Amino acid sequence: MDPDDLDTEISSIRAEIRTLHHRRRILTSSLLSSRPLQRLSKTHSLPPPANQSHRQQEWTDISPLLQSSASHAQTNHHRIAFSTTTFPFTDPSPNAEGKSLLGIRIDICARDGRYMKPYYVLLRRVGRSQGGDGGGKKEVKVLRHTIPSVVDMARLERVYLPLESTAEDGEEEEQLKPWKRKSRNQDLKSFVREVRKGLVVWHLRCDAVRYLRETLGVVTRGVDDDALYEDDERPWERDILGPTANTDGAGETRIAKNKFGIVSLGPTSLEAVYVRLEWEDGRVGRFKISNTGVVERAVVIGDAGRDKLTEGILTGGDGRVETLLQRLEKSTVPASPEV
Amino acid sequence: MARPKSIRAPTTASLPSNLRIPSSTPSLVKSFGKLTRQALLDLAFQWLDDRSIQAFPPYLQENEDQKEEEDEELSPYPAERTVNDVRNAYQELQLRKGGKREVIDRILEGDWRHGITLRQLAMVDLRYIDDHSSSLRWTALELARIGNQPPPDADLSACVPRVHASTFLNSLQQQIAPLVKAHYYLSRSTSLPLTFLRIFVTNSPYEHPRQAAELLTDASRVIYVAFPDSCPYLYTSIASSPGSKASASTSPHAVATDPRSLQRLVRDALPKALSLPHQRYNLKATSLTAKSLQALLSLRGPGRSNHSNGAFSIFADAALEGSPLDPRPSDTVTPEEHMNHPSHHKENQPTDSETSKAPKRPLTNTTTTDPHTAKKRTLTVQSRFGTSGSLSSAPLDRLDIRLLDSPHTSTTSTTSTSEPTTNTPTLSLTFTGTDIISGFRKLADLGIVDAKKMPSWMTGEEAVSVAVIRGGNRVVKGTG
C-alpha cells in the first residue's frame, strides 16, 4: 500500500477520534448540567442516607463536577438572557494604578444560531474613588477592550464617560464641544448600551448581506466544483465577511449565476454599511443599509445613466434589506417580455 | 524607446504608467533579481494575459522589420512573431528547471528589450513585498478626525473613513502635483487584507524624466502606503537609503529635489487627500513600527486585538470562555479549543497543538527540578502574557524603551522627575530580534525574568515599539 494512503488514513482516523472525544465531552457536560441530574444531586446532598454508603461515595465523587457544571449553566443562562454581563478582573501588572477592573462581556448571537466570540470591555476606576473612601465619585475609564474599530470606542467614551478630573484638555474641549459642559456625569449604562447597539447593528448588517449572498448562491474558489463554472470568466472576489475573513487570506468567492443577473454583491468594507451590486449588463449599484435594516439610499448607474427604476425597487416596498431580492424578482417578471 | 520624437512639455500630470525604462539599466537586473524564478514567470504570464497584453506589449518581430538582420543574430533571444510564441517560450521555461537568471535575461534582453514600463517595475516591487511581508519597516499612523466633532446624537456607527481608490488617487495627485512628479500603482495584497499604494516620486514636474534611467529605478524614491481594510489606520514605509541621508543637508538647492523631502511632501498630502468636506483627517503617530505586516494588522488593524494585548490578549482571542451555548465548564477547555471557534475546521488543529506542546515540554523539564515551582511559574507567565507570544503572535522586531526613573531610588522617583532633569539620568533600552515579546515570554518561562514583577511593557500589553516609561507605566504625550 502506498505510504501516502496510509498517512491520509491515519490522519482521517485521528480526526475522527478527535471529533468523537469532543462529542463525548459535550455529552458528558450536557448530562451533568441536565435538570434531572441536578435535581437528583440536590436531594442526595441534603439528607445523608446512612445505609447506602457506597452510593453516597459515588455522589461525593461526582458532586464537585455537578456543582461546577451547575454554576456554569447558570452563568450561561445569564449570558444568553441578558447578553451583557459583568465580571471582576485583576490587572496582573505590578505597576498598575488600580488593580481591580470591571469587565463587561457582550455576547451576540448571529443569524445561524451561533454565538460570536464574546466582546469584552475592561474598565478601571479613576480619580479619588480609589483612595478607599466610598464618598468619592465613581468614575471609570476604558482600559482595554476588544471591540473592533467598526464601533468608535473613543467617541463613545468621550460622550458617555467624560472624566471630571482631566482639566488639561478640558478647556479646549469645552470650546469645541459646548454641550459637554452641561452634563459631565458619566453614564455607564448608556455607554454599554451604545457599544452593544453598535455591535448588534453591525452583526445584523453583516448577516443581511450574507443572507442576500446566500440566496443568490455563493461559489467558493477551490471548495465548490470549479468545473461547473469553468467557462465563467468573471474574476474571483475576496469575501470579507466569510468565516475565515479575519484570520488570514480570505477564501475567494463569487456569486453563482442567478436569474437576477447579479454578478457581484458585497459590502464595500467590513462595516457593511454600503453594499455594492453589479449586474451582467454592466450596471453598477450601491445601497446603504440603515441601522434598522432598511435600504436607505440606492444608486444604480448603467451605460445609459442612472437606472431610476431599479433604484426605486431597491428602496421601495417595505424597504427591508432581507426582502430586496423578492422585490427585484417581482419587478423582473413583467419586465422580461419586452427585453 | 517607444516614442523618441514626441515632445514633452512640462505638465503637472502624473508619470505615465507606460513610461519605459531602458532594459539595459543595470539596476533593473537587481530589482528583478529579488524575485524567485516562479514569481518572475508568474509576472510574465500576467503581462502576457489577454486582458493586460495591451499595457505590456512584448517586443515582436513584425514591429521592427527595418532592423538589420545581423543585430538580430547577435541577440541570444530572437524576437518572436506572435504573442502566443512568447507565451510558449515562458511555458517552456516554466516546465524546465533552471536559475532565475535566464528568466530575467529573457525578459530584459528578449521580449521586453524595448524597455520595462514603470507599471511593470511597480508590479515587480509589489510582488516582492507580497512574497516577503517583512522586507520593509512599516510605521502605523492613525487617521484622526480634526475640526468639528459630530454631535453626540449623530449616527455613531459610521466612523471609519472610506477610501475609494481612484478618487483618493485623484485628490492625492491634485495635492502634490505642483511639487512632485509621481507614478502611482495600486494593488491588492494577495495574502493580507491590505491595499498597497506604491508611489514613485521624482524631482519636479519640470525635469525631463528620460534623462536618468537610474533615477527611475532608485528604491529610495519609492514610498509604500498600505491601507488595511476598514480601520482608521494606514501604514507607510519611508524607505530611506543611507545615501539620501547624506545628501539631505548639503545645499539649499538639494532640499527641493532630495527624495526625503519629496517623501515628506507625499506623506503630508495623504491625510488631505483622504479628507472630505466637513470631515478632515490628520495623521497621528501611534508609536508602532515593525517589519511584519501581520503584527501591524493585529496591533493596529480592523480586528479585536488593537486594545487588548499582553495579559489582556485572552480577551482578544476569547481564549478564556466559550460561547454561552457551550455546556462544558470553561476551565476544562483548553485555550486552543476556545480560540478555534467550534464552527471552524478541525483539520488544522492537531498540527497547532502538537507544535505548541513540543517546545514547552523540554523547557520545563530541563530547567527546573521542582515541578511545583515550574507549574506555578507557567501559571504566572500565562497570567502576564495571556496568549501573546505563544498562541497568537504579533512579532515586533525592535523595541525602544526610555526609562525615566532614576536607577537607584525607586521610592522617590516620582517626586524627582518633576525637577529639572539635569542630574537624573534616563536609561534607554533597545531590543532587537525576530519576535521580542515571545522572547520575553521564553525568558520568563525559563525563570530568568520574574514574570510577576515584570512591567507591562515587557508583556506586549502596550502594543507599541517605542515607549517612554515612568514608574513602570507608559507616559503618553499630550495629544497636541
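Residues numbered from 1 in each chain as written. Chains lettered and ligands numbered in written order. Predicted model: local features only at pLDDT ≥ 70, side-chain atom pairs only at ≥ 80, totals over all residues.

An unreviewed UniProt entry lists chain B under the name CHL4-domain-containing protein, with Aspergillus ibericus CBS 121593 given as the organism.

Looking at an unreviewed UniProt entry, chain A carries the name Cenp-O kinetochore centromere component, with the source organism given as Aspergillus ibericus CBS 121593. In its Sequence similarities (unreviewed entry) section, UniProt records this for chain A: "Belongs to the CENP-O/MCM21 family." (UniProt positions renumbered as here; feature names shortened; annotations may be inferred.)

(A) Quick look at the overall build of chain A. Along the backbone of chain A there are eight helices and 12 strands. Taking the contacts inside chain A whose residues are at least 6 apart along the sequence as the reference set, 44% of them involve residues at least 24 apart. (Helix = DSSP H or I, 4+ residues; strand = E, 2+ residues; numbered from the N terminus. Contact = placed C-beta atoms within 7 Å.)

(B) How the structure looks around the environment of arginine 81 of chain B. Tracing the backbone through its elements, the reader meets arginine 81 of chain B in the loop between helix H3 (69-74) and helix H4 (83-95). The sequence separation of arginine 81 of chain B and glutamine 61 of chain B amounts to 20 residues, and the corresponding C-alpha distance is 5.2 Å.

(C) Examining helix H2 (residues 37-47) of chain B more closely. Turning to H2 of chain B, its buried residues number three or more, namely Leu40, Leu43, Ala44 and Trp47 of chain B. End-on, the buried residues of H2 of chain B take up no more than an arc of 100°, which puts them together on one face. (Buried ≥ 20, exposed ≤ 12 C-beta atoms within 10 Å, placed from the backbone. Arc of directions from axis to C-beta.)

(D) View of the packing of H2 of chain B against H4 of chain B. Residues and elements named next belong to chain B. Remark: H2 packs on H4, axes separated minimally by 10 Å, with the N-to-C direction vectors making an angle of 160°. By the angle between their axes, H2 is roughly antiparallel relative to H4. In terms of crossing hand, the pair formed by H2 and H4 is left-handed. Contacts between H2 and H4 involve Leu41, Ala44 and Phe45 from the former and Tyr90, Leu93 and Gln94 from the latter. Of the residues assigned to the contact of H2 with H4, the class counts are five nonpolar, one polar and no charged. (Axes fitted to C-alpha atoms, helices over the stretch in contact; angles between N-to-C directions. Parallel < 35°, antiparallel > 145°, perpendicular 65-115°, else oblique. Left-handed = near helix turned anticlockwise from the far one by under 90°. Nonpolar A, V, L, I, M, F, W, Y, C, P; charged D, E, K, R; others polar.)

(E) How the structure looks around the environment of glutamate 322 of chain A. Residue and element names in this part refer to chain A. Note that glutamate 322 resides in the loop between helix H7 (308-315) and helix H8 (324-335). On the basis of neighbour counts, which here come to 13 C-beta atoms within 10 Å, the residue glutamate 322 falls in the partly exposed class. The residues contacting glutamate 322, other than those within four sequence positions of it, are Ala208 and Tyr211.

(F) Spotlight on the nonpolar core. Judged by nonpolar contacts, the single largest core of 133 residues is most densely connected at Ile199, Ala226, Val266 and Leu296 of chain B. Contact partners of valine 266 of chain B, with chain neighbours within four places excluded, come to Ile176, Val180, Ile199, Val201 and Ile223 of chain B. (Core = buried A, V, L, I, M, F, W, Y, C linked by C-beta atoms within 7 Å.)

(G) Representation of the domain arrangement of chain A within the structure. Residue and element names in this part refer to chain A. Along its sequence, chain A is organised into domain 1 (84-199) and domain 2 (201-338). Contacts between domain 1 and domain 2 engage eight residues on the former and seven residues on the latter. Residue composition of the side of domain 1 that touches domain 2, by class: five nonpolar, one polar and two charged. (Domains from an automatic or database assignment.)

(H) View of unusual backbone geometry. Of note in the backbone geometry, serine 83 of chain A takes a positive phi value of approximately 65° without being a glycine. Its place among the elements puts serine 83 of chain A in the loop between helix H3 (53-82) and strand S1 (84-90). Phi angles above zero are rare outside glycine, and alanine 463 of chain B is one such case at about 55°. Mapped onto the elements of the fold, alanine 463 of chain B is located in the loop between helix H18 (436-446) and strand S11 (466-470).

(I) Main features of the packing of H2 of chain B against helix H6 (residues 118-131) of chain B. Residues and elements named next belong to chain B. Contact geometry of H2 with H6 gives a least axis separation of 11 Å together with a crossing angle of 140°. Considering their axes alone, H2 and H6 lie oblique with respect to each other. In the packing of H2 onto H6, the handedness of the crossing is right-handed. Listed contacts from H6 to Ala39, Leu43 and Trp47 of H2 are Gln120, Met123, Val124, Arg127 and Asp131. When the residues that make up the contact of H2 with H6 are grouped by side-chain class, the tally is five nonpolar, one polar and two charged.

(J) Geometry of the pairing of strand S3 (residues 119-126) of chain A. Residue and element names in this part refer to chain A. For S3, a buried count of seven out of eight residues is recorded, marking the element as mostly surrounded by other parts of the structure. In this structure, strand S2 (residues 100-106) lies alongside S3, joined through six bridges in antiparallel fashion. Residue pairing for S3: leucine 102 is matched across the bridge by leucine 123. When S3 meets strand S4 (residues 139-145), the two strands line up antiparallel, connected through six bridges. Within S4, the position partnered with leucine 122 by the bridge is arginine 144. (Pairing = 2+ DSSP bridges.)

(K) Focus on the sheet that holds strand S9 (residues 274-279) of chain A. All names here are of chain A. Reading across the sheet, the five strands line up as S8-S9-S10-S11-S12 and stay open at both edges, with antiparallel pairing between neighbours. Lying at the two open borders of the sheet, with one neighbouring strand each, are strand S8 (262-267) and strand S12 (305-306). In this structure, S8 lies alongside S9, joined through five bridges in antiparallel fashion. What sits directly across from isoleucine 262, in S9, is tryptophan 279.

(L) Up close: the sheet that holds S11 of chain B. Residue and element names in this part refer to chain B. With respect to topology, four strands assemble into an open sheet ordered S10-S9-S11-S12, the strand pairing being mixed. With one partner strand each, in any of the chains shown, strand S10 (427-432) and strand S12 (473-474) form the two edges of the open sheet. Two strands pair when backbone bridges link them, and strand S9 (residues 398-403) and S10 are joined in this way by six bridges, in the antiparallel orientation. Pairing of arginine 398 across the sheet is with threonine 432, part of S10.

(M) Fine view of the domain arrangement of chain B. Residues and elements named next belong to chain B. Domain boundaries in chain B define domain 1 (20-129), domain 2 (133-145 + 162-299) and domain 3 (310-474). In this assembly, 14 residues from domain 1 lie in contact with 15 residues from domain 2. Residue assignment for the side of domain 1 that touches domain 2 shows that the elements contributing at least two residues are helix H1 (26-33) and H6. Considering every element that reaches the side of domain 1 that touches domain 2, the biggest residue donor is H6, with eight residues.

(N) Local environment of the confidence of the model for chain B. Residues and elements named next belong to chain B. With 72% of its residues at a pLDDT of at least 70, chain B reaches an overall mean of 73. Mean pLDDT across the secondary structure elements of chain B bottoms out at helix H9 (residues 242-248), with 37, and peaks at S10, with 88. Counting contacts from residues 239-255, a segment whose pLDDT is below 50, to residues more than four positions away or on other chains yields 18 contacts. Note on residues 410-421: pLDDT is under 50 here. Beyond four places in sequence and across chains, it has nine contacts. On the interface metric, ipTM, the complex scores 0.75, and its pTM is 0.78. (pLDDT = per-residue confidence, 0-100.)

(O) Structural detail: helix H1 (residues 3-32) of chain A. The terminal C-alpha atoms of H1 of chain A lie 43 Å apart, and with 30 residues this matches the ideal 44 Å at 1.5 Å per residue to within 8%. Counting buried positions along H1 of chain A gives two out of 30 residues, so the element sits mostly on the surface. (Expected span 1.5 Å × (residues − 1).)

(P) Here's a closer look at the confidence of the model for chain A. All names here are of chain A. Per-residue confidence for chain A gives a mean pLDDT of 77, with 74% of residues at or over 70. Predicted confidence for residues 129-135 stays below pLDDT 50, and this span has seven contacts to residues more than four positions away or in other chains. Under a pLDDT of 50 for its full length, residues 335-339 has, in the predicted model, zero contacts with residues more than four places off or in other chains.

(Q) Seen up close, the environment of tyrosine 185 of chain B. All names here are of chain B. On the secondary structure map, tyrosine 185 appears in strand S4 (residues 181-188). The sequence separation of tyrosine 185 and isoleucine 199 amounts to 14 residues, and the corresponding C-alpha distance is 6.6 Å. When neighbours within four sequence positions are excluded, tyrosine 185 is seen to be in contact with Arg119, Ala122 and Arg198.

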